[in-house]
Amino acid sequence: MMKKWYVAAIATVTALGLQAQAQTQTQTPAQGTSQPPAQSDRGSDKLDLKKLEDKYWSAKDADFSVVQNRTYSKAKKVFVSLGYGPLVNDAYSYGRMTNASVGYYFNERWGVEVAHEIGNLKDNDSTDAFINQNEFAPDYNTFESYTSLNMIVVPFYAKMSFWDRKIMYFDMQFAVGVGQMNYQIQKSAPFDPATGSRNLIAENKTTIGYNFDITQQLFFHEHFAVRFDIKNKWSKQDKERYFINTATGQTEADRPLGDFTQQDTTVLLGLTVFF
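Residues numbered from 1 in each chain as written. Predicted model: local features only at pLDDT ≥ 70, side-chain atom pairs only at ≥ 80, totals over all residues. Heavy atoms only, no water.

Asker: Quick question: what am I supposed to make of the sheet that holds strand β5 (residues 166-185) here?
Answerer: Backbone-to-backbone hydrogen bonds pair the strands of a sheet. The strands run either parallel or antiparallel. The antiparallel closed barrel is built from eight strands, whose spatial order is β1-β2-β3-β4-β5-β6-β7-β8. Each strand axis lies, on average, 20 degrees off the axis of its neighbour in the sheet, ignoring direction. Relative to strand β7 (residues 224-240), strand β6 (residues 203-221) runs antiparallel, the two sharing twelve bridges. Looking at the pairing, threonine 215 lines up with aspartate 229 of β7. (Pairing = 2+ DSSP bridges. Helix = DSSP H or I, 4+ residues; strand = E, 2+ residues; numbered from the N terminus. Axes fitted to C-alpha atoms, helices over the stretch in contact; angles between N-to-C directions.)

As structure tokens, then:
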């Protein structure tokens, strides 16, 4: 009898608890109690992953750009530069090149310049030995000078710490241009039995050239920058025989060997002055 009463009591309490829970879930929230947002409201708060991805991978945000508070500005300034260094890729000659240029920067990214480069070159040891000792010479030309009109673009600008003591500012620019190449065809007159020697009869010639230059400038003052240049020039040049052998019937008409493309590379260290 006692056992039946105990089971009946537990069943009654459980039923009352379930009824109270059901009433609580269906009851309207009291005033001041936050109500969960409707499904339509929650939809407006969803994260747009596609928009976030496009913004992350975009080259430039419409509302943000890299900070470019330049300590030394080139915009709307005239500049003059002077550089000096070797011609590095000539198989027959060696020497130093001097380059002078004047130009104008329209803004920090674009500019224009006129440049003139002149060479002071001599035959290298191998060429000299072939000509003077073996009486056999390669057929070659020598760089004389190059004058060009260049368009400048400056895509890189940066600053760096020097020994944690000073901030240094520099940029890297590229120049593409066209100009006049002056070169010299090296050749010798036929052997003269009377003098026992050959006379040099080098011929000066001119052709159109094209250039691509890479320049890095290190700024240390409002008006001055140290510059390092790698200048590349291409031109189509005539080639002729250095020697003609009269003993075999060769004449001056046998000298021409057609044309070829010459590439000259110069490495220069210099200074730029801004006005």
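Asker: Mind showing me how you'd approach the packing of aromatic side chains here?
Answerer: Per the counting criterion, the structure on display carries 13 aromatic pairs. A centroid spacing of 6.3 Å and a plane angle of 40 degrees characterise the contact between tyrosine 105 and phenylalanine 274, whose relative ring orientation is tilted. On the criterion of sequence distance, the pair formed by tyrosine 105 in strand β2 (residues 93-105) and phenylalanine 274 in strand β8 (residues 256-274) is long-range, its members being 169 residues apart. Arranged with centres 5.9 Å apart and planes meeting at 25 degrees, the rings of phenylalanine 219 and phenylalanine 274 form a pair that is stacked. Linking phenylalanine 219 in strand β6 with phenylalanine 274 in strand β8, this pair joins segments that are 55 residues apart in sequence. Here the two residues phenylalanine 219 and phenylalanine 274 agree in accessibility, since each one is buried. (Phe/Tyr/Trp six-rings, centres within 6.5 Å; stacked < 30°, edge-to-face > 60°. Buried < 20%, exposed > 50% of the residue type's maximum accessible area, 1.4 Å probe, protein only.)

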